[in-house]
Amino acid sequence: MSHRSEKLKVDDFEGNSKWGQLAWDLLETIFEVWTGEGQCSYRFTTLRLVNRHWKRLADKLVKKIRPASTNSMENVGLLLDTMHEIRKVDLSWRRFDNDQAMGLARGLRSRESLIEVDMTGYDLPGITWLLEALGSCPNLECINCGFYGQADSAIEMLSDVLKNHSSLTKLELSWGHQSNQSNLGAQYLMSAIEKTSAPLRVLKLSGVDLSSKCGEDLGEALGSCKEQLQVVDISDNRSLMCAGLTPAFRRLGGCSRLEKLNFENCSGGDESIKTLANLISEIPNLKELKMARNRIMTYGAHHICRIIESAPNLTLLDISVNPLGETGCENLLESLGKNNGSLKTLICRFCYGMEEATKWNIGLGMSGLEALVVGYDFIRRSGVASLGAGLAASGTLKSLKLSLPLARVFSVDLLSGVPSLKKLHLEVMGGVDCQFLVTLLETVDLEELSFEANTIEGGFFFFFFFFFF
């Protein structure tokens, strides 16, 4: 056993199979070396419990230090007790009953070495035991919680954890679609974030059922830690809408360290984009901005242009699935040419109006883009010709991901004039014949090619995924 190993991962293998039994025998041998008279003689720093065999490991291996033990709850605690230097615990997507959660809580309580816990995807009655245990860990830096079907009482317990930790730098939360969490619980959580003394640098509140009534509370929470915030993710809160996003954005002004902002699928509309554009100069280090699925139309596209032209360090922009309109798309492509060259990745899948855009030669020829992701439900000949001209005009594009309704609307010749292109991913919703692939390989000099199609004529595959080096 290598003395450099620091991770113990219990994966989903079957004990009744040949390899499964061998794996169990190996774990028992490791455990004998690892422990001596119930004391830890080897320092693991990461424990990950994967799928259903975590309990079996505890029951079977703890007998090495306490042969008479039959209590699963106690065994889990004992297993963790042997890991004196444990720093990270991954409990994601596990299902524990109340007694098992109590056992885990016993092993985690008051651990000074613990800095990171992942509890994504929980649906269990014993969540309060785990949260209470985390509240006693003084050096905790990262909490990742994703509860399904949890009541406001669990959120209140989590809020108490936030208030008591001055070392927390990363908080990731999500409730899931089965949550019965109310606005009251969300407001309690926002209040806890606002009052915490922790230097939060990463705040992810994705899919936590925030409504438009939570906008002011969210704004206060963001404003309280804006001096150190580097990542803000409030995506998948469809009820937040413009009334909730606008006050939140206003408090982001002055976030000089903010690098990533994600508000995908929040139904923000045009006015929220206008608010963000008005203060974009106050967020000088913003590098990634994701605003897909926000019902942004032509008026909002105008303010996206302002952001592109004003954000000095913006490197990635995602505006997918927004009805920008033909005029909005044309203006956006023009604004790419006015960017200072910082923007390297543009993602614009299924933007209504892009199928007729005619200014790709400006957008790609003058922007310095290195990666482009574009998709069409349908596309006109003028749009294809414009995209081809833009690709030919680009001297920096290295990666292209293209979604098309049919392969025949796209000519392979359009890619032959892009010498800088190294990676290509094609998604074709309709069928395509094998000759298309052969021509593609013969015409374009690529380092990596991946291809997806519903049907391939002349072949025997329903789904084709091909890499060429």
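Residues numbered from 1 in each chain as written. Predicted model: local features only at pLDDT ≥ 70, side-chain atom pairs only at ≥ 80, totals over all residues. Heavy atoms only, no water.

**Q** Honestly, the overall build of the protein in this entry has me stumped. Any pointers?
**A** When you go through the protein residue by residue, the secondary structure sums to 16 helices and 20 strands. A buried classification covers 53% of the 469 residues belonging to the protein. Contacts in the protein between residues far apart in sequence, at least 24 positions, make up 80% of those at least 6 positions apart. Working note: accessible area of the protein is about 20,700 Å², and carbon and sulfur atoms make up 49% of it. (Helix = DSSP H or I, 4+ residues; strand = E, 2+ residues; numbered from the N terminus. Buried < 20%, exposed > 50% of the residue type's maximum accessible area, 1.4 Å probe, protein only. Contact = heavy atoms within 4.5 Å. Areas by Shrake-Rupley, 256 points an atom, 1.4 Å probe, with all protein chains shown as cover.)

**Q** Looking at this model, I keep getting lost on the packing of aromatic side chains. Mind explaining?
**A** Aromatic rings considered in pairs are described by the distance between their centres and by the relative angle of their planes. In the structure shown here, the tally under the stated rule is one aromatic pair. Ring geometry for F249 versus F263: centroids 4.9 Å apart, planes at 70°, classification edge-to-face. Here F249, found in helix α9 (residues 241-250), pairs with F263, found in the loop between β11 (260-262) and α10 (269-278); they are 14 residues apart in sequence, far enough to count as distant. By relative accessible area, which is 0% here, F263 ends up buried. (Phe/Tyr/Trp six-rings, centres within 6.5 Å; stacked < 30°, edge-to-face > 60°.)

**Q** Just to check I follow, could you spell out the pairing of strand β15 (residues 371-375) for this structure?
**A** Within a regular strand, side chains alternate between the sheet's two faces. Within β15, five of the five residues are buried, leaving the element largely enclosed by the surrounding structure. As paired strands, strand β14 (residues 345-349) and β15 are joined by five bridges and run parallel to one another. Across the sheet, the residue bridging to L346 is L372, located in β15. This β-α-β element, β14 to helix α13 (residues 360-365) to β15, shows right-handed connectivity. Bridging between β15 and strand β16 (residues 399-404) involves five bridges; their strand directions are parallel. (Pairing = 2+ DSSP bridges. Right-handed = clockwise from strand over helix to strand, strands pointing away.)

**Q** Looking at this model, I keep getting lost on α10. Mind explaining?
**A** The buried fraction of α10 amounts to seven of the 10 residues, a majority that puts the element mostly inside the structure. Taken residue by residue, α10 has G269, D270, S272, I273, T275, L276 and A277 as its buried positions. In this structure, the buried residues of α10 make contact with α9, β11, β12 (288-290) and α11 (298-310).

**Q** Looking at this structure, how should I read the side chain of S394?
**A** With respect to the secondary-structure elements, S394 resides in the loop between α14 (381-393) and β16. Taking the relative accessible area as the measure of exposure, S394 reaches 4% and is therefore buried. From its side chain, S394 meets the backbone nitrogen of T396 in a polar contact 3.4 Å long. In this structure, S394 is in contact with L364, G365, L369 and S420, ignoring residues within four places of it in sequence. (Polar contact = N/O pair within 3.5 Å; in protein donor to acceptor, adjacent residues only side chain to side chain.)

**Q** Which parts of the structure should I look at to understand the pairing of β14?
**A** With four of five residues buried, β14 is to be regarded as a mostly interior element. For the crossover from strand β13 (residues 316-318) across helix α12 (residues 325-336) to β14, the handedness is right-handed.

**Q** Help me understand the pattern of salt bridges, please; the structure alone is not making it clear to me.
**A** For side chains bearing opposite charge, pairing can occur when the charged atoms are close. All told, the structure shown has six salt bridges when counted by the stated rule. Among the salt bridges present, the one from E334 reaches K359, with a minimum N-O distance of 2.5 Å. A residue pair is termed long-range when its members are at least 10 positions apart, and E334 in helix α12 and K359 in the loop between β14 and α13 qualify at 25 residues. Because the salt bridges share partners, they merge into one network encompassing R349, K401 and E427. (Salt bridge = Lys/Arg side-chain N within 4 Å of Asp/Glu carboxyl O.)

**Q** Explain unusual backbone geometry here, please?
**A** Generally, phi is negative for residues other than glycine and the peptide bonds are trans, each holding for most cases. Despite not being glycine, R293 has its phi angle at roughly 55°, a positive value. The residue R293 is located in the loop between β12 and α11 in this model. For R293, a relative accessible area of 35% corresponds to the partly exposed category. In this structure, V321 is a non-glycine residue whose phi angle is positive, near 55°. Along the polypeptide, V321 turns up in the loop between β13 and α12. Its relative accessible area of 40% is what places V321 among the partly exposed residues.

**Q** I keep staring at the nonpolar core and nothing clicks. Help me out?
**A** Considering soluble globular proteins, one finds that nonpolar side chains tend to be buried as a cluster. Within the largest apolar cluster, 116 residues are counted, with the highest numbers of intra-cluster contacts made by F263 and W360. Residues in contact with F263, not counting those within four places in the same chain, are I234, S235, L245, F249, I273, L276, L289, K290, M291 and N294. (Core = buried A, V, L, I, M, F, W, Y, C linked by side-chain atoms within 4.5 Å.)

**Q** Would you take a moment to explain the environment of D445 for this structure?
**A** With respect to the secondary-structure elements, D445 resides in the loop between α16 (434-443) and β19 (448-453). Residue D445 is classed as exposed on the basis of its relative accessible area, which comes to 66%. As for D445 and P419, which are separated by 26 residues in sequence, their C-alpha atoms are 7.7 Å apart.

**Q** So what exactly am I meant to see when it comes to the packing of α11 against α12 here?
**A** For any two helices packed against each other, one specifies the crossing angle of their axes together with the interaxial distance. Running from N to C, α11 and α12 cross one another at 5°; their axes reach a closest spacing of 8 Å. When the axes of α11 and α12 are compared, the pair comes out roughly parallel. For the pair formed by α11 and α12, the contact residues are T298, A301, I304, C305, I308 and E309 on the first element and G325, T327, G328, N331, L332, S335 and L336 on the second. Considering only residue class, the contact of α11 with α12 consists of six nonpolar, six polar and one charged. (Axes fitted to C-alpha atoms, helices over the stretch in contact; angles between N-to-C directions. Parallel < 35°, antiparallel > 145°, perpendicular 65-115°, else oblique. Nonpolar A, V, L, I, M, F, W, Y, C, P; charged D, E, K, R; others polar.)

**Q** Would you take a moment to explain the confidence of the model for the protein for this structure?
**A** Regions with low pLDDT should not have their predicted coordinates read in detail. Of all residues in the protein, 71% have pLDDT values of 70 or greater, and the mean over the chain is 78. Per-element confidence in the protein ranges from a low mean pLDDT of 39 for strand β3 (residues 39-40) to a high of 98 for β12. Confidence over residues 31-44 falls short of pLDDT 50; this stretch has 37 contacts with residues more than four positions distant or in other chains. Confidence drops under a pLDDT of 50 for residues 50-54, and excluding neighbours within four residues, the segment shows 19 contacts in the predicted structure. (pLDDT = per-residue confidence, 0-100.)

**Q** For this particular structure, what's the right way to read the environment of G390?
**A** Position of G390 relative to the elements: it lies in helix α14. C-alpha of G390 to C-alpha of M366: the two residues are 24 residues apart in sequence and 9.5 Å apart in space. Setting aside chain neighbours within four positions, we find G390 in contact with W360, N361, L364 and G365.

**Q** Looking at this structure, how should I read the packing of helix α4 (residues 98-108) against helix α5 (residues 127-134)?
**A** Following both chains from N to C, one finds α4 and α5 inclined at 5°, their axes separated by 8 Å at the closest point. One element, α4, and the other, α5, form an angle in the roughly parallel class. Contact residues: α4 offers N98, A101, M102, L104, A105 and L108, while α5 offers W129, L130 and A133. Along the lines of polarity and charge, the residues of the contact of α4 with α5 split into eight nonpolar, one polar and no charged.

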